[in-house]
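Close look at the chain arrangement
What follows is each chain in one-letter form.
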Amino acid sequence: MENTFESKLNNLFVSEDQIPEQFRIEEIHQKEYLSNGVMKKWSGDVHNVYSPVYIKKGEELKPKLIGSYPVCTEKEAQESLASAVEAYNDGRGEWPTMSVAERIKHVEQFTRKMIATKDKVVKLIMWEIGKSHADAVKEFDRTVEYIYATIDSLKNLDRDSSKFEIAEGIAAQIRRSPLGVVLCMGPFNYPLNETFTTLIPALIMGNTILFKPPKFGTLLHYPLQEAFQESFPKGVINVIYGRGNVIIPGLMESGKINVLTLIGSSKVANELKKQHPKVNRLRAVLGLDAKNASIITTNADIDLAIKETVTGSLSFNGQRCTALKIVWVHRSKADEFINGFNKAVSELKFGLPWEEGVSLTPLPEPYKIDYLNECIADAEAKGAKVMNENGGVSKASFFFPAVVYPVTAEMKLYHEEQFGPIIPIVPFDDVEEVIQYLIDAQFGQQVSIFSRDASEVGSLIDPLVNQVSRVNINSQSQRGPDIFPFTGRKDSAEGTLSIPDAIRSFSIRSLVAFKMNDANNHLINEIVNDDKSKFLSTRFIF
């Protein structure tokens, strides 16, 4: 068989019998959902889930049906909200009043049960969103590591809080207490990991949860619901299904949501916050849009810049908020960078999620390729070109990366977050142009600087740390390690996520204070020694 790009593309999708047996999937038709500690039966409308992996049937390519899930209504969402409100019980429920050590035991129990679902969840990540097997395994394993690291971080925090602080004759014990009912919505690109980086900290801090799975990457949460049901008191976690624009407004308008956590678009977050009637009661923990820039200066190691920018812009097809989404190259280095970049892109393996070493896979969003083509057409109409061979060529749900140059301020690709495999390259003559771009930008998550000149890097760090939340030196933008703060300025984020920051984001400092005198000292000692309070305690978690 001819080993050309065209032949590879034409043979990208295969018939059912050509799928390796260990990666084949049986349809999962979900007819129940977790609410108030019960897997409630559902007999209403369902949404059919089609994989981005098409199946060859004769000469045709057909979408692969992998299952369905409930399309619940506002009624069911309100019932789940009532369950979460009842379980919290104005802070008097079993879960929010439980000791930290006891809550940790419940989360550890859940994690053990979660690990038992690994094969099912990994396979669903692959089939639902087209993520490679290696990356799906990595996402699952990283999520488990995140949970255990969160537990360790909470233990450390609780140990620090197990003592009394004394000042001006007043003694106090300062601990963190929960906020209430949390509405948790995760993204499709990391439907397990990014979701759990908010859900688990919110849960372990004593809040009760309404969890809406993402639009893509929905079914993979079904195998986990039994683990949630068996590991937590009823009503503590409730999984809601349905059209977001149907079920979410009523939840927000109720005023009973205390924390909104969303990893998605700033436009959606803004609309949801406006719907809440008690704005000062609502806390928002948000991971939103980004247009992270790579800056290639005259002093850059071009080979390193190419390597890091290819990975940074095209890991999981560029469908990451932390991806590099615009590349600024000094005009004198543009030809050298683009030639090397194009070569590196051409060497990336494209294929189906189960293929070993695959880098580029089908896209899960049905209309994404239309949008990507619109961006390219807009850029070409305004003077840019697709610089790499086969750039922008697509078949069914697969889109080969397009390197577009020279991108200018008149083009959509200059301003909009493409969230896909297009790499816009902008030439610059003076680095002040790049700084001004970042000042004017709507988003402010990260930037990557490529230079070997200490004076140049130092002069860029100082203005850029006031525009974005993370400056990467000679490396791609990224979230990890998870102990580092993950946030953004402007429309890129609200609140901070990292292992230690997240448990603080979903709780508030509360304290019990008393004037030190014989009567109070005796009273407090009696409470502590006889375990009469779970909050006021000097117990030490090992």
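Residues numbered from 1 in each chain as written. Predicted model: local features only at pLDDT ≥ 70, side-chain atom pairs only at ≥ 80, totals over all residues. Heavy atoms only, no water.

Another aspect to go through is the overall build of the protein. Across its full length, the protein carries 17 helices and 25 strands. Whereas a compact globule of 542 residues would reach a radius of gyration of roughly 24 Å, the protein reaches 25 Å, a difference of no more than 12%. Dimensions of the protein, computed from the C-alpha atoms along their principal axes, are close to 85 × 60 × 40 Å. Per-residue burial over the protein gives 55% buried out of 542 residues. Here the protein has roughly 23200 Å² of accessible surface; of this, 48% comes from carbon and sulfur atoms. Side chains of the protein carry 61 positive and 69 negative charges; the gap between the two charge centres is 5 Å. (Helix = DSSP H or I, 4+ residues; strand = E, 2+ residues; numbered from the N terminus. Rg over C-alpha atoms; globule rule 2.2 N^0.38 Å. Buried < 20%, exposed > 50% of the residue type's maximum accessible area, 1.4 Å probe, protein only. Areas by Shrake-Rupley, 256 points an atom, 1.4 Å probe, with all protein chains shown as cover. Lys, Arg positive; Asp, Glu negative; His and termini not counted. Charge placed at Lys NZ, Arg CZ, Asp CG, Glu CD.)

Attention now goes to the sheet that holds strand 21 (residues 446-450). Read across the open sheet, the seven strands follow the order 15-18-19-14-13-21-22; overall the sheet is mixed. Strands with a single pairing partner mark the edges of an open sheet, and in this sheet they are strand 15 (385-386) and strand 22 (470-473). On the sheet, helix 11 (residues 334-346) packs against strand 13 (292-296), strand 14 (324-330), strand 18 (402-405) and strand 19 (422-428) and is oriented at approximately 165° with respect to strand 18. (Pairing = 2+ DSSP bridges. Contact = heavy atoms within 4.5 Å. Axes fitted to C-alpha atoms, helices over the stretch in contact; angles between N-to-C directions.)

With that out of the way, let us pick up the environment of Pro-406. Residue placement: Pro-406 occurs in the loop between strand 18 and helix 13 (412-415). Judged by its relative accessible area of 29%, Pro-406 is partly exposed. It is 18 Å that separates the C-alpha atoms of Pro-406 and Asn-390, two residues lying 16 residues apart in sequence. Once residues within four sequence positions are removed from consideration, Pro-406 is found in contact with Gly-383, Ala-384, Met-411, Ile-425 and Pro-427.

The next point concerns the side chain of Lys-131. The residue Lys-131 is located in the loop between helix 4 (118-129) and helix 5 (133-161) in this model. A distance of 2.8 Å separates the side chain of Lys-131 from the side chain of Glu-139, its partner in a polar contact. Those residues within four positions of Lys-131 in sequence are excluded, and the remaining contacts are Ile-125, Met-126, Ala-136, Glu-139, Asn-189, Tyr-190, Phe-316 and Pro-353. (Polar contact = N/O pair within 3.5 Å; in protein donor to acceptor, adjacent residues only side chain to side chain.)

The next point concerns the pairing of strand 18. Of the two faces of strand 18, the one lined by Ala-402 and Val-404 and the one lined by Val-403 and Tyr-405 are each fully buried. Here two bridges tie strand 15 to strand 18, and the two strands are oriented antiparallel to one another. Within strand 18, the position partnered with Lys-385 by the bridge is Tyr-405.

Turning to the sheet that holds strand 1 (residues 28-29), a few remarks are in order. Strand order across the open sheet formed by three strands is 1-5-4, with mixed pairing between neighbours. Only two strands of the sheet have a single neighbouring strand rather than two, namely strand 1 and strand 4 (46-57). Sheet strands touched by helix 4: strand 1, strand 4 and strand 5 (60-70). Its angle to strand 4, the strand with the most contacts, is close to 80°.

In this section: the packing of aromatic side chains. One pair of aromatic rings is described through two measures. These are the centre distance and the angle between the planes. Scanning all chains against the criterion turns up 21 aromatic pairs. Measuring from centroid to centroid gives 5.4 Å for Phe-5 and Phe-350, while their planes differ by 55°, and the two rings are tilted. Pair noted here: Phe-5 is in helix 1 (residues 5-10) and Phe-350 is in the loop between helix 11 and helix 12 (368-381), with a separation of 345 residues, a long-range link. Neither residue differs from the other here; Phe-5 and Phe-350 are each classed as buried. Feature note: the residues Trp-95, Phe-110, Phe-196, Phe-228 and Phe-232 constitute an aromatic cluster, connected by ring pairs. Sitting over the ring of Phe-316, Lys-131 keeps its end group 4.6 Å from the ring centre. (Phe/Tyr/Trp six-rings, centres within 6.5 Å; stacked < 30°, edge-to-face > 60°. Lys NZ or Arg CZ within 6 Å of the ring centre and 35° of its normal.)

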